[in-house]
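# Remarks on the overall topology
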Amino acid sequence: MVQGDGSGSGQEAGALGVTVRRDRWGIAHVEAPSAAAAFAAQGWVAADDRIWQMEWDRRRALGRWAEVVGMAGAREDAFFRRLGLAAISQADYAALNGRTQAMCEAYARGVNRWLAGREDTLPAEFEYHSAPPEPWEPWHCVAVYKLRHIFMGTLTRKLWRGRIMAQAGPDAVMATVGDIEADAAIVPGTGPRPELLADAANVLDSSGADMAALAAAMDSDGASNSWALSGERTASGKPLLAGDPHRGIEFPNVYHQCHLRCDEFDAIGMGFPGVPGFPHFGHNAEVAWGITHGMCDDTDVFVERFEPGSTLGEPWRTEELDIRGEGTVEVLCGSTPRGPVVLGDPADGVALSMQWTGMFGPDTTLDALWPMLVAGSTAELVEAVRPWVLPVNNLLAADRAGSITFKIRGRVVERRPASRWTPVPGTDEFAWDGLEPVPFEDLPEWTDPERGFLVTANNRTADGGPYISLDFAGPSRHDRICELLAPMTGATVDDMSAVHGDVTSLVAANVLGLITEYAVECGHELSHTLLDMLADWDQRMTADSAPATIYAVIKRRLIEAIIERLGIAGAQLGAAGWPPAAEASRMAAGAATRMLCERNLDVVPGLDNPIGRRMAASACVDETAAELTQRLGADPQEWTWGKVHRMASPHPLASTLAAARDLHPPVDGCAGDGDTVRQGGTAPETGERAIHGSVARYAFDLGDWDNSGWVVPHGVSGVRNSGHDLDQRQAWLDCELIPMAYSPQSVASVTTHEHEI
């Protein structure tokens, strides 16, 4: 089964009255007579480019992925059935306003028009499915949007910290968080400073017994950048808005490029396949917007105890999972006054329930999408996102009148400090009953700063205002972007690309200082050579740098030394596989990096004294010399970063079914690491392989929209071998942008195919 070339077929010709022009990268530029036709065309185009990805997201949201991949999908299916994501999404859809529902209905109509009669021309992934995709329903837009954001919150982080509490105690938990309040904030002081670490020691001490009991009962062991420059710093005298979202890199890519022009708006941006509009990145004729994850503490996890004869969780219901090749499995579903029981087995006497801002009252996020498309200024855009619920974002906006602004958007619910750290007891004391979201007006905002630029990088939000989170990213990317922007005058889109591509690590200096101080008892014949190479290194993670490789492997071994000594290398809590091993490894690496930078090692057994640190640091250097000699040969000058730091973009079906392995895209070396502006995050579990990075880059030039640019890691199409599945790959690897044609003249100049749908 091979998908068509996007040219449509006779049966659709003229049906929507829409002209679709595909540019040389296959990106669709839609010209429609009405907004309804534009959204229908967006659904049609998304299906043409990404129908399998839409089906994958929908099946997972509905708890039906195991029908395709067997037991490999059962654990996640059970979670979403117990959560009741499908029912929540249907209820949220019913609560949307009529205009938003009409938008989703039009989108679904376009998807279904594309599906009609294509059972025999679907992408290759459907060769492994038992049936073609079912018709798209409007509420599915809500379901796939929620699916893409539920695990971006604090669920897995609290499970992970709960295991650390059980294994290593409260001091270790506090050390993994570090001194957040020492980091630079996006917004300077306004109002009372939130006490991020309020009463932490007492809170954690009191929860230690609960976490230990839970761990035993469960029988388990266990980023983004954006910036805006005001016109006073740019060549055009109008703002520049740029950035790059960071997620796990997968194929197909999470974002889909598209352009919609109709009688009511002319907007271009990147959306989620299955969702109308451009929720995160885009611009219309007057205003541009981009976001980073606000890192909000949006989830609480409750330790529920089920005594014999208890009615807690009743009425229970069972749902059947169809497991391909295995028959059916029953899943017990129920809720406590805190929320649905999602992990663990009540028959064991203890399980976990959860509450999440995405199900605490109606989720009206999609009600913001239409107003964003027609906003005429940054002030109107900020007002447009008032209905936004999830996720909490750091929103940056710029308009052609010259304004730049920052606003936290989303549902922030402040709870007691004890809820910030780990799972909490399943008692009324911790329930969300009676809580209200923080008023929109009280969420941090900053417009037209005197310094002439705004920067967000998942870092601490504000010196004042409501509590947002304990789990901000470290300050390295934010601080480096500020360093790069501060001297800029006459800036252009090319300068924004240079920021995208920056690979200087501000973390490296701190880690190298520790290595220099403590790695004094090395015994390997190459160890001193490696230390000399690091002493001369410019701390740039370029693909051709050998010292970058040496630094990265020593750092990884130091991280492993910390997490192994804390006993959290396989931190799981709540049920087997939660948090997922790769995610737990990445969280552990981030926490250990912070501990290294802050020299906060006194809570780590064996590293709590100078002798232990000298032995460990020296061993890490010796082990790095031996490892890299075995992997890359005897000459350290040949140990370049690009040889080991490879971008893996796994196809989820190919990762699960061996027969589909040809769907994986190629693997290439790349620059950067998890601490640099150019993101290439790794996890100890997967070594130096890049598993987290920029899933898009963009730069909006408000002086000339046609001068804007964007790029994604692969291409606009999710269909392997379609010609547009990998045609942006080299530009992405080179940190270059492809043109973002916007005006009719510019679109015409790049059009390679035109058809009616």
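Just so you know, these numbers come straight off a predicted model, no measurement behind them.

Attention now moves to the overall build of the protein chain. The number of helices and strands found in the protein chain is 22 helices and 26 strands. Taking 757 residues into account, the globule formula puts the C-alpha radius of gyration at 27 Å, and the protein chain, at 25 Å, falls close to it. Looking at the protein chain residue by residue over its 757 residues, the buried ones come to 64%. Here the protein chain has roughly 25,300 Å² of accessible surface; of this, 48% comes from carbon and sulfur atoms.

To continue, consider helix α5 (residues 98-115). Taking 1.5 Å of rise per residue, the 18 residues of α5 would be expected to cover 26 Å, and the 25 Å separating its terminal C-alpha atoms lies within 8% of that figure. Burial in α5 covers these residues: Thr 100, Gln 101, Met 103, Cys 104, Ala 106, Tyr 107, Ala 108, Gly 110, Val 111, Trp 114 and Leu 115. Lining the buried residues of α5 we find α1 (35-61), α4 (85-95), α6 (140-150) and α10 (369-374). For α5, the N-terminal cap is Asn 97; the gap from its side-chain oxygen to the backbone nitrogen of Arg 99 is 3.1 Å. Looking one or two residues beyond α5, the residue adopting positive phi is Gly 117, at roughly 80°.

Interpretation of this model should avoid reading the predicted coordinates in detail wherever pLDDT is low. Per-residue confidence for the protein chain averages 92 on the pLDDT scale, and 93% of its residues sit at or above 70. Here residues 1-14 is modelled with pLDDT under 50, and outside its nearest four sequence neighbours on either side it reaches 37 contacts, counting other chains as well. For residues 218-222, every residue scores under 50 in pLDDT, and the model assigns this stretch 18 contacts once sequence neighbours within four places are set aside.

Burial analysis of strand β4 (residues 240-248) places eight of its nine residues in the buried class, the great majority of the element. In this structure, strand β3 (residues 224-229) lies alongside β4, joined through six bridges in antiparallel fashion. When the sheet's bridge partners are listed, Trp 227 is paired in β4 with Ala 242. Sheet analysis places β4 next to strand β23 (residues 697-701), joined by four bridges and oriented antiparallel. When the bridges of β23 are listed, Leu 241 appears paired with Phe 700.

What follows concerns the packing of aromatic side chains. In the structure shown here, the tally under the stated rule is 19 aromatic pairs. Arranged with centres 5.1 Å apart and planes meeting at 45°, the rings of Tyr 255 and Phe 272 form a pair that is tilted. With a gap of 17 residues between them, Tyr 255 in the loop between β4 and β5 (256-261) and Phe 272 in the loop between β6 (266-271) and β7 (281-283) connect regions that are remote in the sequence. Both residues of the pair, Tyr 255 and Phe 272, belong to the buried class. You can call Tyr 255 buried: its relative accessible area is 2%. Within the aromatic cluster, the residues linked to one another by ring pairs are Tyr 145, Tyr 255, Phe 272, Phe 281, Trp 388, Tyr 698 and Phe 700. Here the guanidinium or amino end of Arg 420 rests over the ring plane of Tyr 467, the centre of that ring lying 3.8 Å away.

Residues Ser 527, Leu 530, Leu 531, Met 533 and Leu 534 constitute the buried set of helix α15 (residues 527-535). One side of α15 holds all its buried residues, which, seen down the axis, span an arc of 160°. Set apart from the buried face of α15 by more than 90 degrees, the exposed residues are Asp 532 and Ala 535. Where the residues of α15 are buried, they touch α14 (506-518), α16 (546-566) and α18 (610-632).

Where α14 contacts α16, the axes come no closer than 11 Å and their chain directions differ by 70°. Here α14 is positioned roughly perpendicular relative to α16, judged by the angle of their axes. Read as a crossing pair, α14 and α16 show a hand that is left-handed. Packed against α14, whose contacting residues are Val 507, Ala 508, Val 511, Leu 512, Leu 514 and Ile 515, the element α16 presents Tyr 551, Ile 554, Lys 555 and Leu 558 at the interface.

Sheet architecture is open: four strands sit in the order β12-β13-β9-β16, paired in mixed fashion. In this open sheet, the two edge strands, each paired with only one partner strand, are β12 (341-343) and β16 (424-425). Sitting on the sheet, helix α3 (residues 74-83) is in contact with β12 and β13 (350-356), with an inclination near 165° to β12.

Following the sequence through the fold, Val 677 ends up in the loop between β20 (668-669) and β21 (680-681). Among the residues examined, Val 677 registers a relative accessible area of 1% and is labelled buried. Considered as a pair, Val 677 and Ala 223 are 454 residues apart in the sequence and their alpha carbons are 9.8 Å apart. Aside from chain neighbours lying at most four places away, what touches Val 677 is Asn 225, Asp 244, His 246, Arg 477, Arg 480, Ile 481, Val 499, His 500 and Asp 502.

An order of β17-β15-β14-β8-β7-β6-β5-β2-β1-β26 is seen for the ten strands of this open sheet, with the pairing classed as mixed. Edge positions in the sheet fall to β17 (445-447) and β26 (751-756), since each has one partner strand and no second. For this sheet the average axis-to-axis angle between neighbouring strands, irrespective of direction, equals 15°. Pairing of β5 with β6, which is carried by six bridges, proceeds in the antiparallel orientation. In the strand pairing of β6, His 259 is matched with Ile 268.

What follows concerns the nonpolar core. Within the largest apolar cluster, 223 residues are counted, with the highest numbers of intra-cluster contacts made by Phe 79 and Phe 265. For this core, the element with the most residues is α1, which contributes 15 residues. With residues near it in sequence (within four places) discarded, Phe 79 still touches Ile 150, Phe 151, Leu 155, Val 342, Leu 343, Met 354 and Trp 578.

Moving on, we come to the pattern of salt bridges. Using the criterion set out here, one finds 49 salt bridges in the structure. A salt bridge links Asp 297 to Lys 158, with the shortest nitrogen-to-oxygen separation between them at 2.8 Å. Among the residues examined, Asp 297 registers a relative accessible area of 3% and is labelled buried. Arg 556 serves as the salt-bridge partner of Glu 560, at 3.8 Å between the closest nitrogen and oxygen. Of the two residues, Glu 560 and Arg 556 both sit in helix α16, four residues apart, roughly one turn of that helix. For the pair Glu 560 and Arg 556, one class covers both residues: buried. Salt bridges sharing common partners tie together Arg 556, Arg 557, Glu 560, Glu 623, Glu 627, Arg 631 and Glu 688.

Cis rather than trans, the peptide bond between Phe 251 and Pro 252 has omega equal to 0°. If you trace the backbone, Pro 252 turns up in the loop between β4 and β5. Residues other than glycine seldom take positive phi values, yet Met 295 does so here, at roughly 65°. Residue Met 295 is classed as buried on the basis of its relative accessible area, which comes to 17%.

Another aspect to go through is the side chain of Thr 365. Within the secondary structure, Thr 365 sits in the loop between β13 and α10. Not counting residues within four places of it along the chain, the set of residues in contact with Thr 365 comprises Tyr 145, Pro 387, Trp 388, Val 389 and Leu 390.

For the rest of this paragraph, the subject is the environment of Met 740. Within the secondary structure layout, Met 740 lies in the loop between β25 (738-739) and α22 (744-750). Judged by its relative accessible area of 0%, Met 740 falls in the buried class. For the pair Met 740 and Asn 707, spaced 33 residues apart in sequence, the C-alpha to C-alpha distance is 7.3 Å. Each residue touching Met 740, except ones within four places of it in the same chain, is listed here: Ile 268, His 283, Phe 700, Trp 705, Asp 706, Ser 708, Gly 709 and Trp 710.

Cut-offs and rules
- Sequence order sets the numbering: in each chain, residues are counted from 1 along the sequence as written.
- The predicted origin of the model limits local features to residues at a pLDDT of at least 70 and limits the giving and counting of side-chain atom pairs to 80 or more, whereas totals for whole chains, interfaces and linings rest on all residues.
- Hydrogens and waters are ignored; side-chain quantities use all the structure's heavy atoms.
- A run of H or I in DSSP becomes a helix once it reaches four residues, and a run of E becomes a strand once it reaches two; helices and strands are each numbered from the N terminus.
- Just to be clear, the radius of gyration here is over C-alpha atoms, and the globule rule we use is 2.2 Å times residues to the power 0.38.
- Three labels apply to residues, based on accessible area from a 1.4 Å probe with only protein chains included: buried if under 20% of the type maximum, exposed if over 50%, partly exposed otherwise in between.
- To measure how exposed things are, a 1.4 Å probe is used in the Shrake-Rupley method; for residues, cover is taken only from the protein chains shown.
- Each residue after the first adds 1.5 Å to the expected span of a helix.
- In this analysis, two residues are considered to be in contact whenever any of their non-hydrogen atoms come within 4.5 Å of each other.
- In the analysis that follows, any N or O atom pair within 3.5 Å is treated as a polar contact, provided that within protein one partner can donate a hydrogen and the other can accept it, and provided that, for residues neighboring in sequence, both atoms belong to side chains.
- Residue-level confidence of the predictor is summarised by pLDDT, bounded by 0 at the bottom and 100 at the top.
- Strand pairing follows a simple DSSP-based rule, namely that at least 2 bridges must link the two strands.
- By convention, a stacked pair of Phe, Tyr or Trp rings (six-membered ring in the case of Trp) has centres within 6.5 Å and planes under 30 degrees apart, an edge-to-face pair has planes over 60 apart, and any other such pair is tilted.
- Lysine NZ or arginine CZ positioned within 6 Å of the ring centre and within 35 degrees of the ring normal marks a charge as sitting over the ring.
- When we speak of the arc, we mean the arc of directions from the helix axis to the C-beta atoms.
- Angular values range over 0 to 180 degrees, each being the angle between N-to-C directions of two axes fitted as lines to C-alpha atoms, with helices fitted over their stretch in contact.
- Any angle that falls under 35 degrees is termed roughly parallel, while one over 145 is termed roughly antiparallel, one within 65 to 115 roughly perpendicular, and all others oblique.
- Handedness of a helix crossing follows the sense of rotation of the near helix relative to the far helix, less than a right angle counterclockwise being left-handed and clockwise being right-handed.
- Here the nonpolar core consists of buried residues drawn from Ala, Val, Leu, Ile, Met, Phe, Trp, Tyr and Cys, with membership extended through side-chain atoms lying within 4.5 Å.
- Should a side-chain nitrogen of Lys or Arg be within 4 Å of a carboxyl oxygen of Asp or Glu, the pair is scored as a salt bridge.

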